[in-house]
Each structure stands twice: as structure tokens, then as C-alpha cells.
Amino acid sequence: MSGICLDEKYANFTIEKNFEFTKKSTIGCGGVAPVAVYPENAQECVTLLRYLKADGVPYQIVGNLSNVLPKSGAYDKVLISTKRLCDVVFDKEIFVGAGVTSGAFLRFCKENGLSGGEFLVGIPCTIGGALYMNAGVAGRYIGEIVESVTAVCGSELKTLTRAECAYAYKQSVFMQTGDLIIGASLRLKRAPQAEILENIQAYTKRRAHLPKGKSMGCVFKNPKNLIAGELIEGAGLKGLRVGGAQVSNEHANFIINDKGATPEQIKTLIKIIKNAVFAQYNIRLEEEIRYL
Ligand SMILES: Cc1cc2nc3c(=O)[nH]c(=O)nc-3n(C[C@H](O)[C@H](O)[C@H](O)COP(=O)(O)OP(=O)(O)OC[C@H]3O[C@@H](n4cnc5c(N)ncnc54)[C@H](O)[C@@H]3O)c2cc1C
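Bear in mind that the values here come from a model prediction, so they are computed numbers and not experimental data.

Near the ligand lie 30 residues; those nearest to it are Gly63, Asn64, Gly128, Gly129 and Gly217. For the shell around the ligand, the secondary structure elements donating two or more residues are strand 3 (59–62), helix 4 (127–133), strand 9 (136–137) and strand 13 (180–186). Counted by class, the shell around the ligand contains 17 nonpolar, twelve polar and one charged residues. Formed jointly, the shell around the ligand draws a minimum of three residues from each of two domains, domain 1 (8–81) and domain 2 (88–206).

As C-alpha cells, then:
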């Protein structure tokens, strides 16, 4: 076990000991983090980050762990889970907490007749993870419906405009700053429930072909004007296996953990894919997933 130990000033936080990545990540592998902290509101986030920084304790922010590859063994950072930042406040605008899942967000939208975020259906994520990754599908990305994002920047709460978030394909300013996203005001419009439901069903239908099983979703970003999955398939890698990890036979940009794969086996498979695609097309694939 790593030597991470938080002193008594952290006693008021909700803490989980022995956070098992195998159980909590969608890829279903990895070791154990000795401590995960679950701040309940923005002020707790500010205080927690102040404490951790002052104590020189390394930390890692996580949402739903749907786009991450955890490490093996004892994890050497404190995890900050946003799962309890799950308020949705709807007044003139809608503010969605970072820990709200896409499912809970869309249920709220349906009940309140708010349209614009239906493309998030089926993406396993928290809103914070989606805002960090600029998640989306079919040419629609969450960045385009952001009015502003509230985050702990340095040790203070700040509200960033959409322009300040610097959204681009699978990019946001948060990848540079590492700021903790608390939530966002989103640009949604009023619409009849039936219309929202119809949109949700249409986006759900588009996802029917996606592979089932434990994965991180797409492993690689699409290179400009190209599709990473097609390049991987073209390099003859569909179905390729390293230990318990396999390039999906249905969608070559997915790696499936179907037989107790280790993070090392998945990393080896990623390396093989990158080398083979480079050898065949002279194109360097870049990971979309984040390594923890
Ligand atoms: C089956 C499957 C299908 C998928 N389909 C899609 C898809 O269609 N489109 C798509 O875009 N993605 C897809 N993904 C990938 C994934 O769902 C998205 O990237 C999602 O946005 C990750 O959100 P998360 O809450 O799980 O973040 P995590 O995986 O927990 O974290 C991802 C990154 O975001 C950072 N982060 C998370 N929360 C915060 C926060 N509050 N503040 C600061 N940083 C934060 C983490 O530090 C990490 O670097 C899919 C994944 C799976 C497993």
C-alpha cells in the first residue's frame, strides 16, 4: 500500500478507503487507491484543494472513470471523486453539477422540457468528465451548449465563459490547467417532451452498433478527416488479443477487457496498434483516453 495518509483536518470530508479501480472503472482493471474523497459542494472543493496543495499531497480528479486506464498496484495519489456534486439548479438558466450523470441530466431535461443535450444519451459520463473531454457524438459536442463553466482555478472559484474553455475536438482548457470543474450553465431551449423523447430515441438508435462489454469507449482520437477505427481495421488488427484485452471485432477503436486484462496488457495492445497504423499509413494515432 502507498503511504498516503490524510490527517484529522480532512475528517469532515466523505472519504472512501481502498477504492478499487477494477470495480469502479468501465474498463474493469487496475489496482487500489488508498483514499478517495467525495466533496459535497463547491466550498468543500475549494477547501479540499487548499489542504491538499498545502500538504503537498498529489491528487487525481475522477468522474465516472469511463475514459481512463487506471494503473496496477497501489495508487500513489488521492482521488477526488465528483460523484456527490450532483445538484441540478434550474431557474432562468440550468446549472448542472459536475457529478451529475448524463442519464440523470437527460431525465431532468425530459421532465422540465429542456432540449439541446439529447446527444449525450448513452455516453457513460459525469457532466464534469464530459466538460473536460468535450464529449459528444455525431458532430455534436458538449462544448457547443456551454454557457459557462465554474471551476476551482488555483484555490479560488471562478466562472469561465465558453470562449475561455477553449473547446475544440476532444479538447478543453481544463486539459492544460487541471482545474477542478464544479459544474456548468448550459444553453438549452424549451421544447415539448415528445420532441425531446424523439431526439433521445434517435441518438440511442445510433449507438446500437457499439460493442458491449468492458471498455473505455474510443481509445484514439480521429486524425483530421480520418476515422481511427477504420485505420485500425485497415491495418488488420480487429480481434487482435494481448492476454485478456482484445481489439473489438465490432468497432476497432474499442479495446474490450473480456478476460481479466491487466493495465499492462492494454498498454501493450495500444502500443501495437499505434506502431501498426504508423507502419501502414504513416499516421500517428493519439490517445483519447487518459492514463491515471
Ligand atoms: C461504452 C463507452 C462509450 C463511450 N461513448 C462515448 C461517446 O459516444 N462520445 C464520447 O465523447 N465519449 C464516449 N465515451 C468516453 C467517455 O464516456 C467520455 O470521455 C466521458 O466524457 C468521460 O466522463 P467521465 O465522467 O467518465 O470522466 P473520467 O473518465 O472519470 O475522467 C476523464 C478525464 O476527465 C477528468 N475529469 C473528470 N471529471 C472532472 C472534473 N469535474 N473536473 C476536472 N477534470 C475532470 C479526469 O481527470 C480525466 O482526465 C465512451 C466510453 C465508454 C466506456
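Glancing now at helix 8 (residues 263–281). For helix 8, spanning 19 residues, the distance from its first C-alpha to its last is 27 Å, which sits close to the expected 27 Å at 1.5 Å a residue. Within the sequence span of helix 8, burial applies to Pro263, Gln265, Ile266, Leu269, Ile270, Ile273 and Val277. Angular distribution of buried residues about the axis of helix 8 spans 160 degrees; they occupy a single face of the element. With respect to the buried face of helix 8, the exposed residues turned more than 90 degrees away are Lys271, Asn275 and Ala279. Each element contacted by the buried residues of helix 8 is listed here: strand 4 (68–69), helix 7 (228–234), strand 15 (241–242), strand 16 (245–247) and strand 17 (255–257).

Counting through the fold element by element, Arg206 comes out in helix 6 (residues 193–206). When the C-alpha positions of Arg206 and Pro34 are compared, they lie 39 Å apart, and in sequence the two are 172 residues distant.

For the rest of this paragraph, the subject is the pairing of strand 11 (residues 146–153). With six of eight residues buried, strand 11 lies mostly within the body of the structure. For strand 11 and strand 13, the ladder comprises six bridges, and the chain directions are antiparallel. Residue pairing in the sheet places Ala151 in a bridge with Ile181 of strand 13. Of the pairings in the sheet, the one linking strand 11 to strand 12 (residues 156–161) comprises six bridges and is antiparallel in character. If you follow Cys153 over to strand 12, its bridge partner there is Glu156.

Ordered in space as 6-7-13-11-12, the five strands form an open sheet in which the pairing is antiparallel. Each edge of the open sheet carries a strand with a single partner, namely strand 6 (88–90) and strand 12. Sheet twist, expressed as the average angle between the axes of neighbouring strands with direction ignored, equals 20 degrees.

Our next topic: the sheet that holds strand 16. Taken in spatial order, the three strands of this open sheet run 15-16-17, and their pairing is antiparallel. Two strands close off the open sheet at either side, each with one partner strand: strand 15 and strand 17. Where strand 15 lies against strand 16, two bridges are found, and the strand directions are antiparallel. Residue pairing for strand 16: Arg241 is matched across the bridge by Gln246. Packed onto the sheet, helix 8 meets strand 15, strand 16 and strand 17 and runs at close to 25 degrees relative to strand 16.

On the secondary structure map, Val89 appears in strand 6. C-beta crowding within 10 Å serves as the criterion here: with 11 such atoms nearby, Val89 is assigned to the exposed category. Separated by 183 residues in sequence, Val89 and Ile272 have C-alpha atoms that sit 46 Å apart.

Calculation rules
Residues numbered from 1 in each chain as written. Predicted model: local features only at pLDDT ≥ 70, side-chain atom pairs only at ≥ 80, totals over all residues. Near = placed C-beta within 6 Å. Helix = DSSP H or I, 4+ residues; strand = E, 2+ residues; numbered from the N terminus. Nonpolar A, V, L, I, M, F, W, Y, C, P; charged D, E, K, R; others polar. Domains from an automatic or database assignment. Expected span 1.5 Å × (residues − 1). Buried ≥ 20, exposed ≤ 12 C-beta atoms within 10 Å, placed from the backbone. Arc of directions from axis to C-beta. Contact = placed C-beta atoms within 7 Å. Pairing = 2+ DSSP bridges. Axes fitted to C-alpha atoms, helices over the stretch in contact; angles between N-to-C directions.

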